Amino acid sequence: MSSVIGQTWEEALSKEFSKPKFIELTKFLEAERRSYTIYPPKEHVYEWTRHSNISDVKVVILGQDPYHGPNQAHGLAFSVPKGVAIPKSLINIFGELKKDIPDFVKPSHGCLIGWAAQGVLLLNTVLTVRASSANSHKNKGWELFTDAVIRWISDNLSNVIFLLWGDNAKVKSSLICKEKHLILTAPHPSPLSAYRGFFGCQHFSKTNNYLIKCNRKPIDWKYLP
């Protein structure tokens with residue numbers, strides 16, 4: 001498929017790339033990039049596959065679609081490159097972490113690669129977007145592909161924690177084997193809904209408690225170098 005996709009992910013998902021819907025999606029994206037500014041840049045669309053092997057995934061955090069402002073999206077849900085202002089949803093995530101994890105200190109940036117390197121999959125259900133146009137690539141084919149990612153993880157791994165924030169993420173619970181994995185749900189961390197139950201959800205400590213119970217190394221949520 002492409003050298004920008006992590007090798008283990010490309011091998012696991014190889015059948016998806018040859019499906020007619022994915023080929024249609026590829027042609028759609030080529031046309032979109034000719035006519036519009038599309039985020040993230042092409043080389044970062046699969047950034048979420050490049051920091052750990054697919055078999056090492058411990059936690060899945062589902063986003064909706066990428067940030068649609070300049071320089072924000074770089075292929076990891078909720079994350080922005082260093083030097084870019086931290087979006088409000090991520091500020092709220094850091095706020096919940098500060099309450100939930102005793103020694104967490106809010107970082108000076110919003111780049112979450114440190115989590116991804118520990119097996120936290122930061123996956124948007126739609127992987128591209130037109131500049132300044134949220135949800136503009138919704139229902140174009142990405143959902144079928146990212147559903148396949150979720151199914152592969154559910155079917156082939158055990159004791160993964162799925163953090164489903166907001167209604168769009170919660171509907172994905174039907175793809176996950178509840179006997180093998182832990183599903184935690186909460187309202188989305190955006191300013192519109194965070195006060196309706198995201199704050200106080202304690203998902204980060206619950207995640208680590210579950211990993212410890214399963215004899216797995218917990219996530220160092222402070223590790224954001």
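No experiment lies behind these values; they were computed from the predicted model shown. (Residues numbered from 1 in each chain as written. Predicted model: local features only at pLDDT ≥ 70, side-chain atom pairs only at ≥ 80, totals over all residues. Heavy atoms only, no water.)

Participant: Help me understand the overall build of the protein chain in this model?
Facilitator: In terms of regular secondary structure, the protein chain is built from eight helices and six strands. Counting from the amino terminus, the protein chain carries its helices and strands in the arrangement α-α-α-β-β-α-α-β-β-α-β-α-β-α. Rg of the C-alpha trace for the protein chain: 17 Å, near the compact-globule value of 17 Å for 225 residues, within the 12% margin. For the C-alpha atoms alone, the extent of the protein chain along its principal axes is close to 50 × 35 × 30 Å. Across the 225 residues in the protein chain, those meeting the buried criterion constitute 53%. By sequence separation, contacts in the protein chain at least 24 residues apart represent 66% of the contacts at least 6 residues apart. Of the roughly 10700 Å² of accessible surface on the protein chain, 51% is carried by carbon and sulfur atoms. (Helix = DSSP H or I, 4+ residues; strand = E, 2+ residues; numbered from the N terminus. Rg over C-alpha atoms; globule rule 2.2 N^0.38 Å. Buried < 20%, exposed > 50% of the residue type's maximum accessible area, 1.4 Å probe, protein only. Contact = heavy atoms within 4.5 Å. Areas by Shrake-Rupley, 256 points an atom, 1.4 Å probe, with all protein chains shown as cover.)

Participant: For this particular structure, what's the right way to read the environment of threonine 37?
Facilitator: For threonine 37, the position within the fold is in the loop between helix 3 (20-35) and strand 1 (38-39). The spacing of threonine 37 and threonine 185 is 148 residues in sequence and 33 Å in space, taken between C-alpha atoms. Apart from the residues lying within four places of it in its own chain, the contact partners of threonine 37 are Val129, Arg130 and Ala131.

Participant: Please explain helix 4 (residues 88-100) as it appears in this structure.
Facilitator: Each full turn of the α-helix corresponds to 3.6 residues, which orients residues three or four apart in the same direction. Its 13 residues give helix 4 an end-to-end C-alpha distance of 18 Å, which sits within 8% of 18 Å, the value for a rise of 1.5 Å per residue. Of all the positions in helix 4, only Ser89, Leu90, Asn92, Ile93, Phe94, Glu96, Leu97 and Asp100 are classed as buried. As for helix 4, its buried residues are in contact with helix 5 (113-116), strand 5 (161-165) and helix 8 (203-213). (Expected span 1.5 Å × (residues − 1).)

Participant: Teacher, can you tell me more about the UniProt feature "active site" (unreviewed entry) in the protein chain here?
Facilitator: Mapped onto this structure's residue numbering, the UniProt feature "active site" (unreviewed entry) falls at Asp65. If you trace the backbone, aspartate 65 turns up in the loop between strand 2 (59-63) and helix 4. On the accessibility criterion, aspartate 65 (16% relative accessible area) is buried. In this view, aspartate 65 contacts Asn124, Val126, Val129, Ala134, Asn135 and Ser136; residues no more than four positions away in its chain are not counted. Looking at aspartate 65, its side chain comes within polar contact range of the main-chain nitrogen of asparagine 135, at 2.7 Å. (UniProt positions renumbered as here; feature names shortened; annotations may be inferred. Polar contact = N/O pair within 3.5 Å; in protein donor to acceptor, adjacent residues only side chain to side chain.)

Participant: Help me understand the side chain of asparagine 92, please; the structure alone is not making it clear to me.
Facilitator: Position of asparagine 92 among the secondary structure elements: in helix 4. Polar side-chain contacts of asparagine 92 include one of 2.7 Å to the backbone oxygen of proline 189.

Participant: Explanation requested: the packing of aromatic side chains in the structure shown.
Facilitator: Taken as a whole and judged by the stated rule, the model has 19 aromatic pairs. Geometrically, the ring pair formed by tryptophan 115 and tryptophan 221 is edge-to-face, given 5.0 Å between the ring centres and 90° between the ring planes. Here the residue tryptophan 115 occupies a position in helix 5, and tryptophan 221 occupies one in the segment after helix 8, the gap between them amounting to 106 residues. Both residues of the pair, tryptophan 115 and tryptophan 221, count as buried. Aromatic rings pair up to connect Phe78, Trp115, Trp165, Tyr195, Phe198, Phe199, Phe204 and Trp221 into one cluster. When the ring centre of tyrosine 36 is taken as reference, the NZ or CZ atom of arginine 130 above it lies at 3.7 Å. (Phe/Tyr/Trp six-rings, centres within 6.5 Å; stacked < 30°, edge-to-face > 60°. Lys NZ or Arg CZ within 6 Å of the ring centre and 35° of its normal.)

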